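Report on the structure
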Amino acid sequence: MNRKDLYKQEPPPFGKALLKHYALDPEYINLNNGSYGATPRPVLEAAQELTLLIESNPDSFNRLLYKPKLIDVRTKLATLIGAKPDEVVLVANASMGVNTILRNFDWEAEDVIFVFSTTYINVSGTVQSISDCPPFPSICEVPLNFPMTHSDIIESFKDHLKANPASPNKKRVAVIDSIGSNPGVLLPWREMVQICREEKVWSVVDAAHSIGQEVDLNMGEAKPDFFVSNCHKWLSSKRACALLYVPERNQHIIKTALPTSDTYIRPKDRLKPNFVQQFESNGTIDLAPYLTVADALEFRNWLGGEHKINTYCHDLAIKGGRRLAEVLGTRVLDPDGDLTVNMVNVELPIPGSIKWSADIDATMMQKMLIERKAYSAHFNHNGAWWTRCSAQVWNSVEDFENIGKIWREVCADIVKELKE
Amino acid sequence: MYNGSCDLRLLRDAFITWFPEARRMQLLNRNDLYQQEPPPFGKALLAHYALDSEYINLNNGSYGTTPRPVLEAINELTLLVESNPDRFHRLLYQPKLVDVRAKLAALIGAKTDEVVLVPNASMGLNTVLRNFEWNKGMSSSHVLKLSSKVSTTYGSISRTIQNISNVPPFPSACSITLNFPMSHSEVIQTFKEHLKIHPAAPNKKRVAVIDSIVSNPGVLLPWKEMVKVCREESIWSVVDAAHSIGQEVDLNMEEAKPDFFVSNCHKWLSAKRSNQHIIKTSLPTSHTYIPPADRTGPNFVEQFEWNGTIDFTHYLTVADALEFRNWLGGEHKINSYCHELALKGGQRLAEILGTRVMDPNGELTLNMVNVELPIPASIVWSKEIDAVLKRKLLEERKAYSPPFYHNKAWWTRCSAQVEDFEKIGEIWLEICDELPQE
């Protein structure tokens, strides 16, 4: 059924009934939306139509048709996050967005870059590679060991800033996750951004998981210096697309897009900001993921809108997490209840003495994804094993129960195999 | 383990049921298609592309076109990914990626571990140039910049170089002017003269960005000879070969020995093993990045396996594109046809327009040919004229071969199909008549 007709009907209730509107294998228990997202069928349909339009006349599309569609998407995303359209551009993914920001700073030897022990692996790699090149700015890593509370995190951040004050005329840059990956927890990022402002530290918010999961984002209020979020994770759009938010006051920092565009103008020759146009054309790419963000938003409106979707998912994460912990006989990683948005982390029944290894990692994926067709992300953190479950619109508590039984088996197998 | 063929049939049926548009695409199972003889080159092949049959497309050079069997392969792979994104991204894609890299390496005479994939040539060039540790005053020569404002080095690449020279430690950029028509020996002469003017300084590097085939005009440069000159002069050669793969046959990195080579259409970055240490990081950096001081072996291939989430179908269906081209007869057969056509078509177009082909010695034309447009030289390039031409061609007449202004003349670059040259000749005559009046 084409989506125009589909959207005239009432949407199905949240839960299993929605699964048919995704292209997921119905036998696969998918409790890991957080890693790669999942594209609703109507959005795949829209992408397919767009692809055929592009292929029928690539020159006409790339030279004449595409720009207004891009502006439309940027405007819609800007509205969603409380920013001005000319402060929002699209990039390939969050890793690219963070690289664009960090590699545009003019680094100096006494600069300090703050990261956290839970910073996403590609991002900490990026910071490491910057620190490895002249003029070798230094890195300060703030350890975060969950479970911990928001006030603990803020305290720790403040302590580390104190311990690494700014040198005269040198800068400090903090890379702050809004929602971490492993574990999948909400950080007090708004308070940390506020602290950065007070301490004159540049705040680069890696909000890869935020859009489509955190409601009522408002850049005008939160005022981060830079903010990057993936649209294909929780905003239902096609892999892969991220928004890069740079408020007007900071656009001079972003001298160049990566890769550089033919619209780049030497800074001293600029009469006005050279930001938005630099991100319009950065080499030939498949434009379907960027442009069908509009179709993703249409799908989500049909389902009831951001608040309705996220109320369901959040409640499910809480309920499902509790049920999973019961089935596993373990605990939920959320002492105060302020760490869980739509992802919940539950301990796995594997002794802490068993350390992470590439072998165990591979075995877990084999047993879960290939043998049992079920998955929720797994990781080792603070001396324990955890699974991170994403509560999405097609999930229900039943999924948490079922995966609980599966994890119990798999963990028992792994422990047994290691003993032998 | 996943059962490939069974699931794919189900996927295809599901796809066509769910997306009735797919019927319009006339999806033909490519296994059956490849058992038939391919149609002859020319209009008969149009059926195997998704181009609007009324559109005269003489500009494959800008964005390429995807054959229908490859679109079919992409759709199948998309559904495979969507059925279980974790299984695909964590377990299935890596061996497929290695397979594509191996096939591309074989095509260009390189080792598999010297070839990685990146999103496009601009990204490949940026990855190379931004990994050098630049020093103040060190030259980065970019070849081919016109005395008028348009550079024959591709726009985004000359801006990349400009940006690198605009930030600390401000290495200098030197542009070399090339005015076509000129012969290969003139190009080499000019290049050598410029290198003399900017000799190496102690502890400083010289880096040359050399197009294999330029965009505007669409001409073949003597890049292999220029790479050799670079080697003799201890200059790093970065070859922007965006147009090469699938157009230049018999590429052989072992013979040509460029320091770095990037080519589009199949989109990949090739770095000779001995130079891989220059590429300290991919862009964006990967979690597999290891600080140089800690490396016990090259850290090249693994850094380009995971650079954040992307749509992998583009990289992985390169294998399907190669299969399609093999079905058509292979690289030599395809390119003999296209090259002959570019020559014949270019001559015919110049006749119709009453102008000339930009190729005095016959060395500049591969599958793209540049023909002068009958627009008086007094009309210089401007954004407005560019927009007017695009509108008249693409919107009003459904035809396109890109116009550009070079060396005080107007030209159009055609990427090869015969009757199409004649038709577009008529169209250009009309448009060039209208333009001075407006």
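Residues numbered from 1 in each chain as written. Chains lettered and ligands numbered in written order. Predicted model: local features only at pLDDT ≥ 70, side-chain atom pairs only at ≥ 80, totals over all residues. Heavy atoms only, no water.

1. Re the overall build of chain A
For chain A, the count of helices and strands is 15 helices and 12 strands. Its C-alpha radius of gyration of 22 Å places chain A within 12% of the 22 Å reference for a compact globule of 420 residues. Its C-alpha atoms put chain A at 65 × 60 × 35 Å along the principal axes. The proportion of buried residues among the 420 residues of chain A is 62%. Relative to all contacts within chain A whose residues are 6 or more apart in sequence, the contacts with residues 24 or more apart total 73%. Summed over all atoms, the accessible surface of chain A reaches about 15500 Å², with 51% contributed by carbon and sulfur. Charge separation in chain A, taken as the distance between the mean sites of 46 positive and 53 negative side-chain charges, equals 2 Å. (Helix = DSSP H or I, 4+ residues; strand = E, 2+ residues; numbered from the N terminus. Rg over C-alpha atoms; globule rule 2.2 N^0.38 Å. Buried < 20%, exposed > 50% of the residue type's maximum accessible area, 1.4 Å probe, protein only. Contact = heavy atoms within 4.5 Å. Areas by Shrake-Rupley, 256 points an atom, 1.4 Å probe, with all protein chains shown as cover. Lys, Arg positive; Asp, Glu negative; His and termini not counted. Charge placed at Lys NZ, Arg CZ, Asp CG, Glu CD.)

2. Observations regarding the pattern of salt bridges
Pairs may arise between side chains of opposite charge once their charged atoms sit close together. Inspection of every chain in the model, using the stated rule, returns 52 salt bridges over all chains. Residues R63 of chain A and D59 of chain A are paired through a salt bridge, measuring 2.8 Å at the closest nitrogen-oxygen approach. Linking R63 of chain A with D59 of chain A, this pair stays in helix α4 (residues 58-81), spanning four residues, or about one helical turn. Overall, R63 of chain A belongs to the partly exposed group, its relative accessible area being 26%. Residue classification places D59 of chain A among the buried residues on the basis of a relative accessible area of 1%. One salt-bridge network, held together by shared partners, links R391, K392, E396, R397, E430, E434 and E438 of chain B. (Salt bridge = Lys/Arg side-chain N within 4 Å of Asp/Glu carboxyl O.)

3. Points about the side chain of R172 of chain A
All names here are of chain A. Along the polypeptide, R172 turns up in strand β5 (residues 172-177). Engagement of the side chain of R172 in a polar contact is seen with the backbone oxygen of E199, the distance being 3.1 Å. Discounting residues that sit within four places of it in the chain, R172 has contacts with V112, F114, L161, N164, P165, A166, E199, V201 and W202. (Polar contact = N/O pair within 3.5 Å; in protein donor to acceptor, adjacent residues only side chain to side chain.)

4. Examining the sheet that holds strand β3 (residues 112-116) of chain A
Residue and element names in this part refer to chain A. With mixed pairing, the seven strands of this open sheet are ordered in space as β2-β8-β7-β6-β5-β3-β4. The open sheet has two free edges, formed respectively by β2 (88-91) and β4 (138-142), since each of these has just one partner strand. Between one strand and the next, the sheet's axes are offset by a mean angle of 20°, whatever the strand orientation. Examined bridge by bridge, β5 and strand β6 (residues 202-206) share five bridges and lie parallel to one another. Within the sheet, the bridge partner assigned to I176 lies in β6 and is V205. Along the sheet, helix α5 (residues 94-102) contacts β2, β5, β6, β7 (226-230) and β8 (242-245); its crossing angle with β7, the most-contacted strand, is approximately 165°. This element, helix α7 (residues 150-163), spans β3, β4 and β5 of the sheet and lies at about 155° to β4. (Pairing = 2+ DSSP bridges. Axes fitted to C-alpha atoms, helices over the stretch in contact; angles between N-to-C directions.)

5. Some points on the interface of chain B and chain A
Across the contact, 69 residues belong to chain B and 68 residues belong to chain A. Linking chain B with chain A are two salt bridges. Residues K238 of chain A and D311 of chain B are paired through a salt bridge, measuring 3.2 Å at the closest nitrogen-oxygen approach. Linking chain B with chain A are 31 residue pairs in polar contact (both at pLDDT 80 or more), by the criterion used here. Listing elements by their share of the side of chain B that touches chain A, those giving two or more residues are α1 (4-18), α4 (60-63), α5 (68-83), α6 (85-108), α7 (121-129), α8 (155-166) and α15 (383-396) of chain B.

6. Describing empty space enclosed by the protein
All names here are of chain B. Counted according to the given criterion, the structure contains five cavities of 30 Å³ or more. When residues of the lining of the largest cavity are traced back to their parent elements, those giving at least two are α5 and α6. Take the lining of the largest cavity: its biggest share by element is three residues, from α5. In the lining of the largest cavity, the residues fall into four nonpolar, three polar and four charged. (1 Å grid on protein atoms, 1.4 Å probe; cavity = no way out; pocket = protein on both sides within 12 Å on 5 of 7 lines; lining within 4 Å. Points joined across faces, edges and corners; volume = space filled by probe spheres on them. Nonpolar A, V, L, I, M, F, W, Y, C, P; charged D, E, K, R; others polar.)

7. Re the nonpolar core
Formed by 64 residues in total, the largest nonpolar core has its most connected members in L77, I81, F146, F157, W189, F227 and L243 of chain A. Here this core gets seven residues from one element, more than from any other, and that element is α4 of chain A. Sequence-distant contacts of F157 of chain A, that is, excluding residues within four places in its chain, are made with F116, A174, I176, M192, I195 and C196 of chain A. In this structure, Y36 of chain A together with L195, V318 and F404 of chain B belong to the second largest nonpolar core, which totals 58 residues. (Core = buried A, V, L, I, M, F, W, Y, C linked by side-chain atoms within 4.5 Å.)

8. Details of the packing of α7 of chain B against α8 of chain B
Residues and elements named next belong to chain B. Here α7 crosses α8 at 25°, and the two axes come no closer than 10 Å. Judged by the angle between their axes, α7 and α8 are roughly parallel. Note on packing geometry: the crossing formed by α7 with α8 is right-handed. Residue-level inspection shows S122, L125, N126 and L129 of α7 in contact with α8, the latter providing S156, I157, T160, I161 and I164. (Parallel < 35°, antiparallel > 145°, perpendicular 65-115°, else oblique. Left-handed = near helix turned anticlockwise from the far one by under 90°.)

In short, geometric facts, not functional conclusions.
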